[in-house]
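Next come the chains, spelled out residue by residue.
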Amino acid sequence: MGLDKLEDLALKLFSIDAVKFGDFTTKTGIKTPAYFDLRVIVSYPDIMELTSNMLYDLAVKDSQFDHLCGVPYTALPIATLLSIQAKKPMLMRRKETKSYGTKKSIEGHFKKDDTCLIIEDVITSGSSILETVKDLKNEGLVTTEAAIILDREQGGRENLAKNGIHVKSLFTMRTLIEILKKHKKITDEIVVTVKNYLNETKAPVIEKLMERVILPYEKRIDFATNLVARQLFNIMATKKTNLCLSADLTMTTGILDLLEKVGEHICMVKTHIDIIDDFRDDFVVRLKQLADRFNFLILEDRKYADIGHTVSLQYSKGLYKIGEWADCVTVHSLPGEGILKALNGSMNCITKGVFLLAEMSSEGNLITQQYKQETVSMASKYANIITGFVCQNKDTFQNPGLIQLTPGVQLECSKDDFGQIYKTPEKVVVENGADVIVVGRGITAAKNPEVQAVAYKDALWKCYIKRISGKLE
Ligand code: 5BU
């Protein structure tokens, strides 16, 4: 049986001593039973080629980004190969800023808000990648993904996730030692020693430099890769409201009258266009006028869940022509990434956004932890259209450029007759990390919806201020 590519690469790396086992001391003085020195691969063009081909398949060919940037120095030649293979421009980060000339830390041509894929050899704590990301960010570049050869599984992946960087690795330390064990290159004893070491030795947790839930909305604008997310952060920061009204009324006049009254207190209105009895085209014209006048966005809660082709038709055609007036829409990840691919093609990417459903508020819903995680990783490939996630918990995702939209909120905890679970503003904003909070019947069913909208707006904003002041846990 032929070796699969990953095994082939593992064995080659072992044979050139890029991977070693024994008693080693790292440059920071920590003892380790496994040592990786991938610098040597520059002496082996066939291994360089194999490594870059595999990284290309894993993390480059289907990703959307404007530039590649290798973390100096080991990853630079690999980044160069990938840049040529992908026909995407490369950026180079200087480790030491020049003391003469332009003092630029990033070399190459780029525009503000361009996106960048990081290439690295090994991660332990993730700090080298974060240093590179910081320099890129200072130049106005946006980074959400890193492609690496080996994850030592000592906390780097988590540290990077906290800072909005999703890591794709060819090997983890565990997969690597399993391969080497299978091919009898290392003894069972070494395998046990390395596994024990992994369980006991974690790299330091890196301070959440850019943690989503403590960053104010205005500081998150620069992290956002989707324009609707940027607009929404901007609106929230200027209007000082994170309230999204779910205008679930069935007559157009009811909705328009309500928005006349509460428009100044909301950052977004959420519609279910298909529950309206007297829909006419001029409704959306008036809705848009109100949105412009009061500076709020429109989210159509369509919850698309079909194959990509059908969804692209549902989005752009039919009675409602949602794509013509909604700033953003809600989408299920259930059908797989074709749904995002189709929307990416149907949307005018510069102005439109998607909230992907990662969790629901209703009792007994069938979403599992794995479904949720796969939903979040699916989104990372479509950073230009993803505004954020509809979800209930703050650890669903870390990227500060994305928005957590949370429904199921009322001033008191309760339930409705069909399993909707309501939590309080304090719970959803301070504890659970909601950025934009959806309130429907809490406002629409109130005797005085305007007064109630102000009450929600004030309560939710107070909780947000409490959260960003860092008084968590
Ligand atoms: P309510 O009246 O505040 O219960 O309205 C909540 C709205 O949010 C309603 O339009 C739902 O369709 C929508 N919603 C929700 O309640 N829970 C979810 O998990 C999702 C959407 Br996704």
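Residues numbered from 1 in each chain as written. Predicted model: local features only at pLDDT ≥ 70, side-chain atom pairs only at ≥ 80, totals over all residues. Heavy atoms only, no water.

Draft legend 1. Structural detail: the site of the ligand. Taken together, 17 residues sit near the ligand, with Asp248, Ser361, Gln420, Tyr422 and Arg441 positioned nearest. A distance of 2.7 Å separates a nitrogen atom of the ligand from a polar side-chain atom of serine 361. Side-chain polar atom of glutamine 420 to an oxygen atom of the ligand: 2.8 Å apart, as the coordinates give it. In the complex, the protein chains occlude 90% of the 490 Å² of accessible area that the ligand would expose alone. Elements represented by at least two residues in the shell around the ligand include exactly strand E11 (297–304) and strand E18 (436–439). (Near = heavy atom within 4 Å. Polar contact = N/O pair within 3.5 Å; in protein donor to acceptor, adjacent residues only side chain to side chain. Areas by Shrake-Rupley, 256 points an atom, 1.4 Å probe, with all protein chains shown as cover. Helix = DSSP H or I, 4+ residues; strand = E, 2+ residues; numbered from the N terminus.)

Draft legend 2. Fine view of the sheet that holds E11. Read around the closed barrel, the 8 strands follow the order E9-E10-E11-E12-E13-E14-E15-E18; overall the barrel is parallel. The sheet shows a mean angle of 30° between the axes of neighbouring strands, taken without regard to direction. Summarising the sheet, strand E9 (residues 243–246) and strand E10 (residues 268–271) pair through 3 bridges and their orientation is parallel. Note on E10: the bridge partner recorded for cysteine 244 is methionine 268. (Pairing = 2+ DSSP bridges. Axes fitted to C-alpha atoms, helices over the stretch in contact; angles between N-to-C directions.)

Draft legend 3. Up close: the packing of helix H2 (residues 45–60) against helix H3 (residues 76–86). At a minimum axis separation of 9 Å, H2 and H3 run at an interaxial angle of 60°. When the interaxial angle is binned, H2 and H3 end up oblique. The hand of the H2/H3 crossing is right-handed. Facing H2, whose interface residues are Met48, Thr51, Ser52, Asn53, Leu55, Tyr56 and Val60, H3 presents Pro77, Ile78, Leu81, Leu82, Gln85 and Ala86. A per-class count over the contact of H2 with H3 returns 9 nonpolar, 4 polar and no charged. (Parallel < 35°, antiparallel > 145°, perpendicular 65-115°, else oblique. Left-handed = near helix turned anticlockwise from the far one by under 90°. Contact = heavy atoms within 4.5 Å. Nonpolar A, V, L, I, M, F, W, Y, C, P; charged D, E, K, R; others polar.)

Draft legend 4. Inspection of the domain arrangement of the chain at higher detail. Domain boundaries in the chain define domain 1 (3–200) and domain 2 (214–469). Taken together, the contacts link 14 residues of domain 1 with 12 residues of domain 2. Overall, the association of domain 1 and domain 2 removes approximately 1,100 Å² of surface from exposure, summing both partners, and the carbon and sulfur fraction of that is 52%. The interface formed by domain 1 and domain 2 contains 2 salt bridges. (Domains from an automatic or database assignment. Buried area = accessible area lost by both parts, 1.4 Å probe. Salt bridge = Lys/Arg side-chain N within 4 Å of Asp/Glu carboxyl O.)

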